[in-house]
Amino acid sequence: MFDVTSVKADFPIFRNNPGLVFLDTGASAQKPQVVIDAMADFYARDYANIHRGVYGLSQRATTHFEEARETVQRFLNARHSREIVFVRGATEAINLIANTFGNTLKVGDEVLITEFEHHANIVPWQFLRDRIGIKLVVAPMDDTGGLDLIRFQELLGPRTRLVAVTHVSNALGSVMPVEAITKMAHHVGALVLIDGCQAAPRMPVDIQDIGCDFYVFSGHKTYGPSGIGVLWARAEILDELPPWQGGGDMILEVTFDHTTFQGAPARFEAGTPHIVGTRGLAVALDYMTKIGVDVIRDHEEKLTEYGARRLAEVRGVRLLGAGQRRLGVLSFEVDGIHPHDLGTILDQHQVAIRAGHHCAQPLMDRLGVPATARASFGIYNDESDVESLIDAIKSAQSLFRR
Ligand code: PLP
């Protein structure tokens, strides 16, 4: 049985901030004590640079690092651990693909994204468009807040080389039909990149079931540390990609005339990585796995439904649609109160929400709003947090009515 109270007790932030109602996990999740301890322990007992030292300490650090890769492999159900590349986060992962796979594209080739994308899955493709002359095509949202799959299919064509879509919208919570999207994209010969930032913390991800070619997510949203993230890419593709950043650890041999490179994943991991971060990430993923990622999904799905229903009952609150399935995120507006003012007032009630464009300005334009208020859930939230949110909104409304 999933017991939120005992899960919440695993997160010291709540002990240290009594009364905190944290509804901004979509931006970054809080950390369980096991993650904090594992990272402190690593520094205290096993820390050295990896892959270089012949001494025992460095070998122990390297073992932790490579074991973390295997943990991520299991978490995503990847076939090989060498398909896992450690990066700084989802943003760096997408930039890596844009600067490696992207460089193989030609003028007029198309990258198809959606109106839901985070800036991290828009701007790297704009850079590529400006550098190489590719076309950036955008599949629209339908009127319910889901992806317009018919338009999406119509926009796929022989020039589509890559489809890059979010798995769950960070601004609305809409869950994308990534399996269907992948099938449609593969049908026209395009590769598929899925931005799993909001999905990996909330639902089981099986990249073999999805059938995609690239999957990316950030450690700090999966209850791990910031500064570490994951790019998964199908081995056959990764092996063919040229390196991106050059430096230590990614080379076989360097002369002033010529350099040869390691295979994947080392070829894509130039320089000293966030060594201890990989350990924190692995412990965080193990923590989620121990609870059960399907249990987490069920809990968050129920809580999201509950929150949507309760918000819809409050007069003057407009919940933005999220299509057929919403997970973990509620985006809303309150009549007559700017989201930033609302966020500030809610903070006085110790309710932490996000107010703004959520790094999805084109989506805000499409919705015709400059910003929204966003409550996003994590495994430590329950219905009492929704009730605190509602009470705080009502209190803000009464302030503005005066
Ligand atoms: N994609 C989505 C859907 C996100 O929610 C975020 C972060 O909010 C990102 C990408 C960027 O992640 P990061 O800042 O960890 O690289």
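What counts, and where the lines are drawn
- Residues numbered from 1 in each chain as written.
- Predicted model: local features only at pLDDT ≥ 70, side-chain atom pairs only at ≥ 80, totals over all residues.
- Heavy atoms only, no water.
- Axes fitted to C-alpha atoms, helices over the stretch in contact; angles between N-to-C directions.
- Helix = DSSP H or I, 4+ residues; strand = E, 2+ residues; numbered from the N terminus.
- Parallel < 35°, antiparallel > 145°, perpendicular 65-115°, else oblique.
- Left-handed = near helix turned anticlockwise from the far one by under 90°.
- Contact = heavy atoms within 4.5 Å.
- Expected span 1.5 Å × (residues − 1).
- Buried < 20%, exposed > 50% of the residue type's maximum accessible area, 1.4 Å probe, protein only.
- Domains from an automatic or database assignment.
- Buried area = accessible area lost by both parts, 1.4 Å probe.
- Salt bridge = Lys/Arg side-chain N within 4 Å of Asp/Glu carboxyl O.
- Polar contact = N/O pair within 3.5 Å; in protein donor to acceptor, adjacent residues only side chain to side chain.
- Nonpolar A, V, L, I, M, F, W, Y, C, P; charged D, E, K, R; others polar.
- Pairing = 2+ DSSP bridges.
- Right-handed = clockwise from strand over helix to strand, strands pointing away.
- Core = buried A, V, L, I, M, F, W, Y, C linked by side-chain atoms within 4.5 Å.

*Asks:* Got a sec to walk through the packing of helix α3 (residues 33-46) against helix α11 (residues 275-291)? Specific residues and values, please.
*Replies:* Where α3 contacts α11, the axes come no closer than 9 Å and their chain directions differ by 150 degrees. Our classification of the angle between α3 and α11 gives roughly antiparallel. Handedness of the α3/α11 crossing: right-handed. Contacts from V34, V35, A38, M39, F42 and Y43 in α3 reach I275, V276, G277, R279, G280, V283, A284 and Y287 in α11.

*Asks:* An account of α11 is requested, with residue identities and associated values reported.
*Replies:* Compared with an ideal rise of 1.5 Å per residue, which puts 17 residues at 24 Å, α11 spans 25 Å between its outermost C-alpha atoms and is within 8% of the ideal. The buried fraction of α11 is high, at twelve of 17 residues. For α11, every residue scored as buried is listed here: I275, V276, G277, T278, G280, L281, A282, V283, A284, L285, Y287 and M288. Once α11 ends, the next one or two residues include G292, with phi positive near 105 degrees.

*Asks:* Any chance you could break down the domain arrangement of the protein for me, citing the residues and the numbers?
*Replies:* For the protein, the assigned domains read domain 1 (4-30 + 292-401) and domain 2 (36-289). Spacing between the C-alpha centres of domain 1 and domain 2 amounts to 27 Å. Across the contact, 42 residues belong to domain 1 and 33 residues belong to domain 2. For the domain 1 and domain 2 pair, buried surface summed over both sides reaches about 3000 Å², with 57% attributable to carbon and sulfur atoms. The three residues of domain 1 that bury the most area against domain 2 are V293, L363 and R366, which together make up 21% of that side's buried surface. Scanning the region where domain 1 abuts domain 2 turns up three salt bridges. Here R202 ties to E300 by a salt bridge, and the two come within 2.8 Å at their closest N and O atoms. Taken together, domain 1 and domain 2 are joined by 24 residue pairs in polar contact (both at pLDDT 80 or more). Counting only elements with at least two residues in the side of domain 1 that touches domain 2, the list comes to α12 (293-312), β12 (329-334), α14 (361-367) and β15 (372-376). For the side of domain 1 that touches domain 2, the element with the highest residue contribution is α14, accounting for six residues. Residue composition of the side of domain 1 that touches domain 2, grouped by class: 20 nonpolar, 14 polar and eight charged.

*Asks:* I'd like a description of the pairing of strand β4 (residues 135-139), backed by residues and values.
*Replies:* Note that strand β3 (residues 110-114) and β4 share five bridges and pair parallel. Residue V111 lies in a different strand from β4, and its bridge partner there is L136. In this fold, β3 hands off to helix α6 (residues 123-132), which returns the chain to β4; that crossover is right-handed.

*Asks:* Which residues make up the nonpolar core, and what values do they have?
*Replies:* Where a protein is soluble and globular, its nonpolar side chains tend to be buried together. Among the nonpolar cores identified, the biggest contains 79 residues, and L76, V163, Y215 and F217 are the most heavily contacted of them. With nine residues, α11 is the largest single contributor of residues to this core. In terms of domain composition, this core takes at least three residues from each of domain 1 (4-30 + 292-401) and domain 2 (36-289). Among the nonpolar cores identified, the runner-up in size contains 33 residues, and I132, L191, L231 and A264 belong to it.

*Asks:* Lay out the sheet that holds strand β2 (residues 84-87) with the relevant residues and their values.
*Replies:* Hydrogen bonding along the main chain pairs the strands of a sheet, whether they run parallel or antiparallel. One open sheet holds the seven strands; their spatial order is β2-β8-β7-β6-β5-β3-β4, and the pairing between them is mixed. Every interior strand has two partners, whereas the edge strands, β2 and β4, have only one. Within the sheet, the average angular offset between the axes of one strand and its neighbour, ignoring direction, is 20 degrees. Two strands pair when backbone bridges link them, and strand β7 (residues 214-218) and strand β8 (residues 229-233) are joined in this way by five bridges, in the antiparallel orientation. Paired with V216 across the strands is L231, a residue of β8.

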